[in-house]
Amino acid sequence: GNGIEERGNGIENGENGIENGENGIKNGENGTKNGENGIKNGENGTKNGENGIIKKENDSKDGHPTPTPPSPSPPPPKDEFTRRLTLALQRLVRGEIRCVEVSPGPAEDKVERGREGGQAEETTNKTNHSTTETNKQIHAQVIEDAPRSGRLYLPGSFNPLHEGHKTLLAAALAVSGMEEGAFELAIGNADKGMLPIHEVVRRAEQFRKAGLPVLITTAPLFNDKARIVPRSMFVVGFDTAIRMVMPKYYGNSHAQMLADFALTRHLGCRFIVGGRKDTTASSSSNSTSSPPAPPRFLTLEDVHIPPEMKDLFPVGLTEKDFRVDLSSTELRRRMMENESKSATS
């Protein structure tokens, strides 16, 4: 039918399937015989092929390009923890839940009891360190939309998480009067936008491996955090505390700044300020015979807090309480230098 006889793409004695007719028409209308639009035992004029293609790919007979196939789907998560965390983070980004917590399982509870139980249990904990580390990873929990108020939180980007973060939280917990501390990772930023989910998973994995709790939110501002976890305390660094009490970050309005902190106060939240060495002091000395004086250690006492807000900053860490002269920025720089040296060696 249609001048086709099982030879040379089905065409014999005709062009484009035409025999004694025009446009493939033989004894019919519009090239149809026992079919529609020139179709016989196939779809769109095809025989043993698709879109006019016979055993050939991307070869459009009518001159139109073949559609590009869709990109392959991303590989599935490597483990159940990553899969569950990814799904929870997707819900968080969509605004369906307020937070996601990655929290240690029963293994971490055993460690905490060991710390509270004195020297004998502390020794047992050290002996079983490798086993406990494995258990903490296996028992890590992904908890959705269950914020815990009344905690001490250390907010940060944790890129990477380092010993300074852990020491700061422990030091602040010791002077806060709170019973429990955790880290808080805000993945939304007014300037930088939302972190990609795979990057959030990577950062959360640090806490999973360390057996430490981290609350993941989309709340970059402290009032937003206070709404999620009221009656909590937040640990902030010296530089953050300086910015928090500058009216220029509130539309150059002192009244607006006080109004914002009034909400923080109403929600029962307070701040603990960590210190750092003074990097602005000149390293030179006026005397050529004496060495330069060591840099001062800046604390809450060096932050000019308006009298109306002093109740929100009840505690500051002294140099004796906490001093780690290491930042995530400096640590990333060192890591990049080491990677560069490894690549050239």
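Residues numbered from 1 in each chain as written. Predicted model: local features only at pLDDT ≥ 70, side-chain atom pairs only at ≥ 80, totals over all residues. Heavy atoms only, no water.

A. Highlighting the overall build of the chain. Per the secondary structure count, the chain includes 10 helices and 12 strands. Expressed as a percentage of the 345 residues in the chain, the buried residues total 34%. Partitioning the contacts of the chain with sequence separation of at least 6, the portion at a separation of at least 24 is 71%. Summing over all exposed atoms, the chain offers an accessible surface of approximately 21,500 Å²; the carbon and sulfur share of this is 49%. (Helix = DSSP H or I, 4+ residues; strand = E, 2+ residues; numbered from the N terminus. Buried < 20%, exposed > 50% of the residue type's maximum accessible area, 1.4 Å probe, protein only. Contact = heavy atoms within 4.5 Å. Areas by Shrake-Rupley, 256 points an atom, 1.4 Å probe, with all protein chains shown as cover.)

B. Expanded view of the sheet that holds strand S7 (residues 214-217). Overall, mixed pairing links the eight strands, which are arranged S2-S1-S7-S4-S3-S8-S9-S12 in an open sheet. Sheet topology places strand S2 (141-144) and strand S12 (315-316) at the edges, where each strand pairs with a single neighbour. Of the pairings in the sheet, the one linking strand S3 (residues 152-156) to strand S8 (residues 233-236) comprises two bridges and is parallel in character. Directly across from Leu152, in S8, lies its bridge partner Met233. (Pairing = 2+ DSSP bridges.)

C. Fine view of the packing of aromatic side chains. Overall, the coordinates contain 11 aromatic pairs when judged by the stated rule. Between Phe158 and Phe207 the ring centres are 5.2 Å apart and the planes differ by 90°, which places this aromatic pair in the edge-to-face class. Taken together, the positions of Phe158 in the loop between S3 and helix H5 (163-176) and Phe207 in helix H6 (residues 197-210) put the pair 49 residues apart, joining distant regions of the chain. Judged by relative accessible area, Phe207 falls into the buried class, the value being 1%. Where Phe271 meets Phe313, the ring centres are 5.3 Å apart and the plane angle is 25°; that geometry is what we call stacked. (Phe/Tyr/Trp six-rings, centres within 6.5 Å; stacked < 30°, edge-to-face > 60°.)

D. Spatial organisation of the environment of Tyr153. You can see Tyr153 is positioned in strand S3. Note on Tyr153: relative accessible area 0%, which makes it buried. Not counting the four nearest positions on each side in its chain, Tyr153 is found in contact with Arg148, Ala182, Phe183, Glu184, Leu215, Val229, Ser232, Met233, Phe234 and Val235. A polar contact of 3.3 Å, which involves the side chain of Tyr153, links it to the side chain of Arg151. (Polar contact = N/O pair within 3.5 Å; in protein donor to acceptor, adjacent residues only side chain to side chain.)

E. Local environment of H6. For H6, built from 14 residues, the straight-helix expectation of 20 Å at 1.5 Å per residue is met to within 8% by its first-to-last C-alpha distance of 20 Å. The positive-phi residue at the C-terminal boundary of H6 is Gly211, with phi of around 70°. (Expected span 1.5 Å × (residues − 1).)

F. Spatial organisation of the packing of helix H1 (residues 80-93) against H6. For the pair H1 and H6, interaxial distance at closest approach is 10 Å and the crossing angle is 125°. Classified by the angle between their axes, H1 and H6 sit oblique to one another. Judged by the twist between their axes, the crossing of H1 over H6 is right-handed. The residues of H6 that touch H1, namely those facing Phe81, Thr82, Leu85, Thr86, Leu89, Gln90 and Val93, are Ile197, Val200, Val201, Ala204, Glu205 and Arg208. Its residues assigned to classes, the contact of H1 with H6 shows eight nonpolar, three polar and two charged. (Axes fitted to C-alpha atoms, helices over the stretch in contact; angles between N-to-C directions. Parallel < 35°, antiparallel > 145°, perpendicular 65-115°, else oblique. Left-handed = near helix turned anticlockwise from the far one by under 90°. Nonpolar A, V, L, I, M, F, W, Y, C, P; charged D, E, K, R; others polar.)

G. Representation of the nonpolar core. Core analysis: the biggest nonpolar cluster contains 34 residues, and Leu85, Val100, Leu152, Phe183 and Ile216 have the highest contact counts within it. Breaking this core down by element, the ones donating at least two residues are H1, strand S1 (99-103), S3, H5, strand S4 (181-186), H6, S7 and S8. In terms of residue count, H1 provides more of this core than any other element does, five residues in total. If sequence neighbours within four positions are ignored, Phe183 has contacts with Tyr153, Leu154, Phe158, Leu161, His165, Lys166, Leu169, Phe207, Leu212, Pro213, Val214 and Leu215. Formed by 29 residues, the second largest nonpolar core is a distinct cluster that contains Val229, Val236, Met257 and Leu298. (Core = buried A, V, L, I, M, F, W, Y, C linked by side-chain atoms within 4.5 Å.)

H. Focus on the pairing of S8. Residues Met233 and Val235 of S8 are buried on one face, and the alternating residues Phe234 and Val236, pointing to the opposite face, are buried as well. Pairing geometry for S8 and strand S9 (residues 270-273), over four bridges, is parallel. Counted as the bridge partner of Val236 is Val273 from S9.

I. Highlighting the side chain of Thr86. Tracing the backbone through its elements, the reader meets Thr86 in helix H1. Filtering out sequence-adjacent residues up to four positions away, Thr86 remains in contact with Ile197 and Val201.

J. Structural context of helix H9 (residues 254-266). Helix length check: H9 (13 residues) gives 18 Å between terminal C-alpha atoms against 18 Å at 1.5 Å per residue, within 8%. Among all positions in H9, only Met257, Phe261 and Thr264 are buried. Each buried residue of H9 sits inside an arc of 40° when the element is viewed along its axis, so together they form one side. Seen from the buried face of H9, the exposed residues on the opposite side, beyond 90 degrees, are Ala255 and His266. Packed against the buried residues of H9 are helix H7 (222-228), helix H8 (238-244) and S9. Gly268 lies just past H9 and shows a positive phi near 80°. (Arc of directions from axis to C-beta.)

K. Here's a closer look at unusual backbone geometry. The omega torsion across Asn159 and Pro160 is 10°, close enough to zero to call that bond cis. Looking at the secondary structure, you find Pro160 in the loop between S3 and H5. Positive phi, close to 50°, is recorded for Phe158, a residue that is not glycine. Overall, Phe158 belongs to the buried group, its relative accessible area being 1%.

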